[in-house]
Amino acid sequence: MMFEDIRRVASALEADIAFGAIVPAVRPDEIRDYLASRYTFSNALPLDDVIADVAGMMRRWHVQVTHPRYFGLFNPSVTLPSVIADTLTAMHNPQLATWRTSPAANEIERHTLAWLAGQFGLPASTIAHFTTGGAEANLSAVVVALARRFPQWSDGGLRSLPASPAIYLTGDAHGSFGKIARVTGLGCDALRMVSVDADRRLDVADLARRVDRDRRNGFAPLMVIGTAGTTAAGAVDPLADIARFCRSEGLWFHADAAWGGAAALSPRLRVHLDGIANADSVTCDAHKWFSVPMGAGMFFCRHPEAVRDAFRAHTGYMPQPTAGAIDDPYATSLQWSRRFIGLKLFVALAQRGGGGYVETIEHQARMGDLLRDSLARAGWTIVNRTPLPLVCFTRSGLDVGRFIADLCERQIAWMSEVRLGDSPPVVRACVTSLRTRKEDIDYVVREMTRLALRDSEVQV
Ligand SMILES: Cc1ncc(COP(=O)(O)O)c(C=O)c1O
């Protein structure tokens, strides 16, 4: 019965959002004054009133990322099964720090992750856990790579290392690596920016040159980051070539497939992830192309002992480890108390089946192709090349900042401005909603073209 209620509310909301505004026009003081006038917390309010009010604020004062014309930064529309699963998790509030406190939840997560590891072609011995998101998964990769390569690092820290470690990635790799360099104490100078080719994919020849130069200069090359679906342009680095290079050089290969990892399910798209099976570790976010609510990232690693060593923890107050082939998540990952993150992916997969997901993923890829082709036919210049549904585009004389502001003001679509390397800004549109249809693409291309042509006439 409860699920019927959620279903009813969710489908009403979906319809309401699809026909409503995508982008709010609100100032911080407007929201602050509203909150200050209503919520002094000095007296109790009826729950129905609070929920209705909060729902109204969420409706009015958010970018509606589940709108079919939200073409944004990988924030998906969410499936009903995953919403129901998240509600169930909140109600039971299981603690996943140890296996013993939540046996069913731990096994459900393990089962789901093992299935996905198999989709990537990783070995059955792969260890994996859910994370808050891709940034935490990327941090886990760097921590495990450091701990494995330099066993003395865990106790002695960076000052105990014989040489400064270096991490190789392109300028288009995710910005989390800058933060990770700082929080691990490596410092941003440890990040080596490898050149990209014309399609913004990591240039393996330049990688080889940099690694060689670093070795000769006394640095300790540690790991290479290959991105499967860069945030800015959707580029997929040559994962197979990077894997081969890393193996021959004894470097750790981390594949950041936070967004693009879902393509592994698709018979049509998985060829682009060729090489991911040879990664030492993989980041993949369920809260991106798997269309479940935030935050649900995943970290996979083919070296279980390295993960156990990197995150080991001993206390006098946690339950004793469970006998057998059992890992307690608090001792094999960064988090301690843990939410049952994986249930939303498990339920969504169970309800749709892998085949259902393939349909959705390939539908979104087709919508990306349609957007790309329609824009080109309407006179726009496409400036990126990727098999994934992310299109970067511009046209002569376009004032990108103003154009995007107009798109939002007219509620045509949510798109963003992006700079690819040193080039001038262009428009970035990613199909992130499973509800985006051909009619939405036709509408945005028609309206954007009309807007751009009108602007160019005004300029003349
Ligand atoms: C390629 C890539 N890696 C990592 C991240 C970070 O993921 P999260 O925001 O889930 O922490 C993102 C976010 O967009 C991303 O695009």
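Rules of the game
Residues numbered from 1 in each chain as written. Predicted model: local features only at pLDDT ≥ 70, side-chain atom pairs only at ≥ 80, totals over all residues. Heavy atoms only, no water. Helix = DSSP H or I, 4+ residues; strand = E, 2+ residues; numbered from the N terminus. Buried < 20%, exposed > 50% of the residue type's maximum accessible area, 1.4 Å probe, protein only. Contact = heavy atoms within 4.5 Å. Areas by Shrake-Rupley, 256 points an atom, 1.4 Å probe, with all protein chains shown as cover. Lys, Arg positive; Asp, Glu negative; His and termini not counted. Charge placed at Lys NZ, Arg CZ, Asp CG, Glu CD. Near = heavy atom within 4 Å. Polar contact = N/O pair within 3.5 Å; in protein donor to acceptor, adjacent residues only side chain to side chain. Nonpolar A, V, L, I, M, F, W, Y, C, P; charged D, E, K, R; others polar. Pairing = 2+ DSSP bridges.

### Overview of the overall build of the chain
Phase 1: On a plain count of helices and strands, the chain comes out with 14 helices and 11 strands.
Phase 2: The C-alpha extent of the chain, read off along each of the three principal axes, is 65 × 55 × 45 Å.
Phase 3: Here the chain holds 460 residues, and 53% of them are scored as buried.
Phase 4: Within the chain, residue pairs in contact and separated by at least 24 positions form 72% of the contacts whose partners lie at least 6 positions apart.
Phase 5: As presented, the chain carries roughly 20,900 Å² of accessible surface, and 55% of it is formed by carbon and sulfur atoms.
Phase 6: If the 50 positive side-chain charges of the chain are averaged to one point and the 49 negative ones to another, these points end up 2 Å apart.

### So, the site of the ligand
Phase 1: The full set close to the ligand counts 14 residues, and Gly134, Ala135, Asp256, Asp285 and His287 are the nearest of them.
Phase 2: One of the side-chain N or O atoms of threonine 231 is found 2.8 Å from an oxygen atom in the ligand.
Phase 3: When the ligand is considered free in solution it has 390 Å² of accessible area, and contact with the protein chains removes 84% of it.
Phase 4: In terms of residue count, the dominant contributor to the shell around the ligand is helix H6 (residues 134–149) (three residues).
Phase 5: Considered class by class, the residues forming the shell around the ligand number three nonpolar, eight polar and three charged.

### Some thoughts on the sheet that holds strand E11 (residues 426–430)
Pairing between sheet strands relies on hydrogen bonds along the backbone, with the strands arranged either parallel or antiparallel.
Phase 1: If you trace the four strands from one edge of the open sheet to the other, you get E8-E9-E11-E10, paired in antiparallel fashion. For this open sheet the edge positions go to strand E8 (381–382) and strand E10 (416–418), each flanked by a neighbour on one side alone.
Phase 2: Across three bridges, E10 lies against E11 in antiparallel orientation. Each bridged residue has a counterpart across the sheet, and for glutamate 417 the counterpart in E11 is valine 427.

Purely spatial values, then, with no claim about function.
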